[in-house]
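Reading the structure
Residues per chain, in single letters:
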Amino acid sequence: MRDPVYYSGSAKFFDTHAHIYDKKYDGGSTVEDILRRAKSSGVTAVLIPADSEETSRIAVKMANDYDGTDGVALYASVGVHPHEAKTYTKDTEEYLRTCLEAGKAQKIMALGEIGLDYYYDLSERDVQRAVFEKQLELAYEYDIPIILHEREATGDCLEILKRFYKAGRLRKLPGVCHCCSCSLEASRELLKMGFYLGFDGPLTFKNNKKTPEVVYNTPWDRIVIETDSPYLTPEPNRGLTNEPAHVAFVCSKLAEVKGVSIEEAAQITYDNGKILYGVD
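This one's a predicted model, so the numbers in the text were calculated from it and none came from an experiment.

1. Some thoughts on the packing of helix α3 (residues 90-102) against helix α4 (residues 125-141)
Between α3 and α4, whose axes approach to 11 Å, the crossing angle comes to 25 degrees. When the axis of α3 is compared with that of α4, the two are roughly parallel. Crossing geometry of α3 relative to α4 is assigned as right-handed. Between α3, through E93, L96, R97 and L100, and α4, the contact on the second element is made entirely by K134, Q135, L138 and E141. Residues that form the contact of α3 with α4 fall into these classes: 3 nonpolar, 1 polar and 4 charged.

Structure follows, in structure tokens:
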């Protein structure tokens, strides 16, 4: 297998979405390996998102145990992904409440990933919608941003969000549309409600014409960068296991589309990530 390429410039990056606990790393890279390469590639902050009660526990523990390792600040989210909506119980909700009450003291900066996924339909759609709404209520109650997952469910997702927005039950900065792949029209609807848009490896794919258009038309103060590690590896490392060290290539493409230097794009998106998640 070919060796990955790494960034060697002076820019500093915030990877706002990396599942560095994922089993895809088993038998290969350790957390220390991942963070060492991240730091060497200019990454100084990473948010570890959850997708179930189990991974919520792992993400929080990892963010606290490894925070500052090799100079990389770590943060976590908790929440139940639409794939896992069928597992959501009263006990799950009580666990999430306990986490959200602890909040920043336990490095918990967001609720997510939450949302709808009609591509795989691993949970029934009505269950997905119900669990999404329950977690939106939690996010509003505890005044915390969400990490929104949406795939092949734009219409229903926007309908639910607009209903909460019109009822005054979304925060001023509600959260981020993770791995934004929606249309320009849908992205504008999300921006109107106050959402940030997160961009990942697909932005760099040569056959992707839609996402660069969305990036071009998105205000600078609403953009964050992500890897979604270990998935969606950007060019020039596409086909290899993704990791936070590769976020520089997402930022490089973002800078190209916006017509600025990678250093400027990195600084803007870093600052945006800090504002979105309330990071000092």
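2. A short note on the pattern of salt bridges
Inspection of every chain in the model, using the stated rule, returns 16 salt bridges. Residue R36 is joined to D33 by a salt bridge in which the shortest nitrogen-to-oxygen separation is 3.5 Å. You can see R36 and its partner D33 sitting in helix α1 (residues 31-40), 3 residues apart, about one turn around the helix. Taking relative accessible area as the criterion, R36 reaches 41% and is therefore assigned partly exposed. Using a relative accessible area of 24% as the deciding quantity, one classes D33 as partly exposed. The partner of D121 in a salt bridge is R125, and the shortest N-O contact between them spans 3.0 Å. Linked through salt bridges whose partners overlap, the residues forming this network are E93, R97 and E141.

3. Side note on helix α2 (residues 53-66)
Taking 1.5 Å as the rise per residue, α2 with 14 residues should run 20 Å; its terminal C-alpha atoms sit 20 Å apart, in good agreement. Here α2 has its buried residues at T55, S56, A59, V60, M62 and A63. Seen end-on, α2 carries its buried residues on one side only, within an arc spanning 165 degrees. Turned more than 90 degrees from where α2 packs its buried face, E54 and K61 sit exposed. On its buried face, α2 is in contact with α1, β2 (43-48), β3 (73-78), α3 and β4 (108-117). With its phi angle positive at about 90 degrees, G68 sits one or two positions after the end of α2.

4. Here's the deal with the side chain of H149
By the secondary structure assignment, H149 is in strand β5 (residues 146-151). For H149, the side chain forms a polar contact with the side chain of D117, separated by 2.7 Å. Here H149 is in contact with H81, P82, E113, I114, G115, L116, D117 and H178, once residues within four sequence places are set aside.

5. Points about a nonpolar patch on the surface
A cluster of nonpolar residues, Y119, Y120 and L122, forms a patch on the protein surface that exposes about 330 Å² of accessible area. Inspection of the secondary structure puts L122 in the loop between β4 and α4.

6. Some remarks on the sheet that holds β3
Strands sit in the order β1-β2-β3-β4-β5-β6-β7-β8 across an open sheet of 8 strands; the sheet is parallel. Single-partner strands in this sheet number two, and they are β1 (13-15) and β8 (223-225). Within this sheet the neighbouring strands show an average axis-to-axis angle of 25 degrees, counted without direction. Bridge count between β1 and β2: 3 bridges; the pairing is parallel.

7. Remarks on the packing of aromatic side chains
Under the counting rule described, the total for this entry stands at 4 aromatic pairs. For the ring pair Y7 and F13, a centre distance of 5.2 Å and an interplane angle of 80 degrees mean the geometry is edge-to-face. Judged on exposure class, the residue Y7 and its partner F13 are both buried. Taken together, a centroid distance of 5.6 Å and an interplanar angle of 50 degrees make the contact between F14 and Y270 tilted. Highlighted residues: F14 in strand β1 and Y270 in helix α9 (residues 262-277), separated in sequence by 256 residues. Owing to a relative accessible area of 1%, F14 belongs among the buried residues under this scheme.

Procedures and definitions
Residues numbered from 1 in each chain as written. Predicted model: local features only at pLDDT ≥ 70, side-chain atom pairs only at ≥ 80, totals over all residues. Heavy atoms only, no water. Axes fitted to C-alpha atoms, helices over the stretch in contact; angles between N-to-C directions. Helix = DSSP H or I, 4+ residues; strand = E, 2+ residues; numbered from the N terminus. Parallel < 35°, antiparallel > 145°, perpendicular 65-115°, else oblique. Left-handed = near helix turned anticlockwise from the far one by under 90°. Contact = heavy atoms within 4.5 Å. Nonpolar A, V, L, I, M, F, W, Y, C, P; charged D, E, K, R; others polar. Salt bridge = Lys/Arg side-chain N within 4 Å of Asp/Glu carboxyl O. Buried < 20%, exposed > 50% of the residue type's maximum accessible area, 1.4 Å probe, protein only. Expected span 1.5 Å × (residues − 1). Arc of directions from axis to C-beta. Polar contact = N/O pair within 3.5 Å; in protein donor to acceptor, adjacent residues only side chain to side chain. Patch = residues over 30% accessible without salt bridge, like charges linked within 9 Å, V, L, I, M, F, W, Y side chains within 5 Å. Areas by Shrake-Rupley, 256 points an atom, 1.4 Å probe, with all protein chains shown as cover. Pairing = 2+ DSSP bridges. Phe/Tyr/Trp six-rings, centres within 6.5 Å; stacked < 30°, edge-to-face > 60°.

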